[in-house]
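Fold and geometry: a report
The chain contents come next:
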Amino acid sequence: METARPYGPRIFERYASAVCFHPSGTRFLAASAEAIDEFDAATGEAVRTLWSTPGRTLDLMYSPDGNKVLACGVVGHRDAREPVDAGDEGWTMIWDARKNQTTVLEGHTAPVMTAAFGPGGLRCVTGSLDKTLRLWDAESGGELHTFRGHLGGVNRVAYSPRGDRILSAAQDGAAFWNVARFAVPPVEPLPLAASFSIVESVNDDPGHDSISKPSGALLPVPPGYRPRSIPTTLEGPSAVVRIGKPNPRDVPESLGRWLSKAKTTESREAPPPRPKGPQPNPWYQLCGASRDGRRKIYDCSLHEKIVLRDNKGKDLRTWERPPHTGQVAISPSGAEVVIAHFIGSPERATYVVTVYDADSGLPKHEFQNECERFSGWFAIDPKERAIMMSGPGGSTILRDYETGKQIAPVGKGETGLHGGAAFSPEGYYVVTTKLASPTIMLYDPTELTHVQTLSNHFPVRWFKFSPDETHLLVAQMFVHKGLDLFTMWDTASGRRLWSCCGPSG
């Protein structure tokens, strides 16, 4: 578009998937479906074709001196409407004007989405849907290093002016990479902590000496910083949103976009017809199933009994339902049925957990813990090594599953009422939270050592592991238009992957 004719841009009637200007501004590159061509910037006339590409070009640039061209993309995909995914093959090439030759950079196993030259043009970096960044020698085309750590495909990379850092943007967030030792000549990297301001509410532990960033990294506390807890209601404005009766004007732009899309509508469609065949008895509540699904345990409050059935609905064993039954479960192997009930007064009760042999129906062992106001609960380790129970004062206690002997308290030193606790699906984590707390703690169940602290924005309502234990979904009490704030965490790194709003429940 010319400044003299702002509403009359010059259109070159040809497809281009990527373009870039020469540092001098006298030429520009345009990548077509078959090749990369160079044009005169003043006339728009084609100057030359640099090379033919193996597929669509996704990123394209000159080196700072204009003597090299770096391009990357996906093999094939001549049609611009064809979607790019991690199953496709990628390519990266460097063209050197002084040698008039092209060098192929080999290493990525998926489409290469982005590339960038370092200062001086002696180094270059590429990012791919294979979740890696690769650093290259721009003269020889040799690979210098592969950076791994992103949990999603890399979409954009950028070099710092000094050549000591690379900034990458991927599906799981942005990251800095220290490449000072690869710079020409090598340089000392600048410190990061002094260059950034706090953008999120953080850990609610006043004794904590670091700030939990979205990337999961821990940065030193800046001078004058005082961490504060996030209660159920806030008197003043929050860094994220006011809790209780929030004013829409207090909602940041990022949350405002979610809220604007989260509209409740009533369906006018007729309800679906009821399925044919026998319907489940509404008086029998399913309380759990064995890992193989062959045995299921039901609680029937109407007939005051607990029933073990096979996967075909046949009754295998029945127990009398004790008064004040609190919880019923079946062990992962299906060999035991666990029934818990309360005795005593609501102010000072005892939670009694009895483990029965599923075949004979006889009791095997019994656990007891004091609890307050009928707040008892238990959870069975998927590997059947331990059972986790509520204890006095809102504590969480781990006991040996076979003997009932107390192993240790979970989260020793933590204060506050119990808000939730569970084993991960394969038993590699124990996760706990306190009532009205935004923080979730992950522990190793074998040594009860602390693994991760996940600091959410609002009090935790519930949490759920993915089947492979790599992710934890947390619902937080957002208290706005009947919505919850959902956050997905990576359990291994403690990184916040994404957040969004959805209906509460």
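Presented here is a report on the structure given in the accompanying data block. From a predicted model like this one, the values you see are computed outputs, not experimental measurements.

1. What about the overall build of the protein chain?
- The number of helices and strands found in the protein chain is 1 helix and 37 strands.
- When burial is assessed residue by residue, the protein chain has 46% of its 505 residues classed as buried.
- Accessible surface, the protein chain: about 26,800 Å² in total, of which carbon and sulfur atoms supply 53%.

2. Considerations on the packing of aromatic side chains
- For the structure shown, the criterion picks out 7 aromatic pairs.
- Pairing Phe 28 with Phe 39 gives two aromatic rings, centres 5.2 Å apart and planes at 10 degrees, and the pair type is stacked. Separated by 11 residues along the polypeptide, Phe 28 in strand β2 (residues 27-31) and Phe 39 in strand β3 (residues 35-40) bring together distant segments of the chain. Taken as a pair, Phe 28 and Phe 39 share a single burial class, namely buried.
- Look at Tyr 429 and Phe 465: their rings are 6.1 Å apart centre to centre, the planes differ by 10 degrees, and that puts the pair in the stacked class. A residue pair is termed long-range when its members are at least 10 positions apart, and Tyr 429 in the loop between β30 (418-423) and β31 (430-434) and Phe 465 in strand β34 (residues 460-465) qualify at 36 residues. Residue Tyr 429 shares its accessibility class with Phe 465, and that shared class is buried.
- Pairwise contacts between aromatic rings join Phe 21, Phe 28 and Phe 39 into one cluster.
- Above the ring of Tyr 298, the side-chain terminus of Arg 309 is found at 5.1 Å from the ring centroid.

3. Quick look at the pairing of strand β7 (residues 90-96)
- Most of β7 sits inside the fold, with 7 of its 7 residues counted as buried.
- On β7, burial covers both faces: Gly 90, Thr 92, Ile 94 and Asp 96 on one face and Trp 91, Met 93 and Trp 95 on the other are all buried.
- In this structure, strand β6 (residues 68-75) lies alongside β7, joined through 7 bridges in antiparallel fashion. Pairing of Cys 72 across the sheet is with Thr 92, part of β7.

4. Some points on the nonpolar core
- Counting residues in hydrophobic clusters, the biggest one holds 15 residues, and the most contacted among them are Val 338, Tyr 351, Val 353, Phe 378, Ile 380, Ile 387 and Met 389.
- Listed by contribution, the elements that provide at least two residues to this core are β23 (336-344), β24 (349-357), β25 (363-371), β26 (378-380) and β27 (386-390).
- The leading source of residues in this core is β24, at 4 residues.
- When sequence neighbours within four positions are dropped, the list of residues in contact with Met 389 reads Tyr 351, Val 353, Phe 367, Asn 369, Trp 377, Phe 378, Ser 395, Thr 396, Ile 397 and Arg 399.

5. Structural notes on the pattern of salt bridges
- Scanning the entire structure with this criterion turns up 16 salt bridges.
- Close ionic contact of Glu 38 with Arg 48 constitutes a salt bridge, the shortest N to O distance being 2.7 Å. Of the two residues, Glu 38 sits in strand β3 while Arg 48 sits in strand β4 (residues 46-52), which places them 10 residues apart along the sequence.
- Residue class for Glu 38 comes out buried when judged on its relative accessible area of 1%.
- Arg 162 serves as the salt-bridge partner of Asp 164, at 2.8 Å between the closest nitrogen and oxygen.

6. A closer look at the sheet that holds strand β29 (residues 406-410)
- The strand order across the open sheet formed by 4 strands is β26-β27-β28-β29, and the pairing between neighbours is antiparallel. Only two strands of the sheet have a single partner each, and these edge strands are β26 and β29. Taken over all neighbouring pairs, the strand axes of this sheet differ in orientation by 20 degrees on average, direction set aside.
- Where β26 lies against β27, 3 bridges are found, and the strand directions are antiparallel. The residue bridging Phe 378 from the neighbouring strand is Met 389, located in β27.

7. Considering the sheet that holds strand β10 (residues 123-128)
- Taken together, 4 strands build an open sheet; the order of strands is β9-β10-β11-β12 and the sheet is antiparallel. Of all strands in the sheet, those bounded by a partner on one side alone are β9 (112-117) and β12 (143-148). The sheet shows a mean angle of 20 degrees between the axes of neighbouring strands, taken without regard to direction.
- Both β10 and strand β11 (residues 132-137) contribute to a ladder of 5 bridges, which runs antiparallel. Paired with Cys 124 across the strands is Trp 136, a residue of β11.

8. What about the environment of Phe 28?
- Assessed through its relative accessible area of 13%, Phe 28 is described here as buried.
- Once the C-alpha coordinates of Phe 28 and Phe 39 are considered, the two residues, 11 residues apart in sequence, prove to be 5.4 Å apart.

9. Quick look at the pairing of β31
- Counting buried positions over the 5 residues of β31 gives 5, a clear majority of the element.
- Taking every second residue as pointing to the same face, both faces of β31 are buried, with Val 430, Thr 432 and Lys 434 on one and Val 431 and Thr 433 on the other.
- Pairing geometry for β31 and strand β32 (residues 439-443), over 4 bridges, is antiparallel. Bridged to Thr 432 within β32 is Met 441.
- In textbook terms, the turn of a hairpin is the stretch between consecutive antiparallel strands, and for β31 and β32 this stretch comprises 4 residues, one of which, Ala 436, has a positive phi near 60 degrees.

What counts as what
- Throughout, residues of each chain are indexed from 1 in the direction in which the sequence is written.
- In keeping with the model being predicted, local features are shown solely for residues with a pLDDT of at least 70 and side-chain atom pairs are shown and tallied solely at 80 or more, while totals for entire chains, interfaces and linings include all residues.
- As a rule here, side-chain values cover all heavy atoms of the structure and leave hydrogens and water aside.
- In this description a helix means any DSSP run of H or I spanning at least four residues, a strand means any run of E spanning at least two, and both kinds are numbered starting from the N terminus.
- When a residue's accessible area, from a 1.4 Å probe over protein chains only, is under 20% of the maximum for its type it is buried; when over 50% it is exposed; and in between it is partly exposed.
- Each accessible area is a Shrake-Rupley estimate made with a 1.4 Å probe; only the visible protein chains count as cover when residues are assessed.
- Put simply, two rings from Phe, Tyr or Trp (the six-membered ring, in Trp's case) pair if the centres are within 6.5 Å, and we call them stacked under 30 degrees between planes, edge-to-face over 60, tilted for the rest.
- We count a charge as sitting over a ring when the NZ of a lysine or the CZ of an arginine lies within 6 Å of the ring centre and within 35 degrees of the ring normal.
- Two strands are counted as paired when DSSP detects at least two bridges linking them.
- The definition of a nonpolar core used throughout is a set of buried Ala, Val, Leu, Ile, Met, Phe, Trp, Tyr and Cys residues joined through side-chain atoms within 4.5 Å.
- Here, two residues are considered to be in contact whenever any of their heavy atoms come within 4.5 Å of each other.
- Take a side-chain nitrogen of Lys or Arg and a carboxyl oxygen of Asp or Glu: if they are within 4 Å of each other, that pair is a salt bridge.
- As a rule, the C-alpha atoms of each element are fitted with a line to give its axis, helices using only the stretch in contact, and angles between N-to-C directions run from 0 to 180 degrees.

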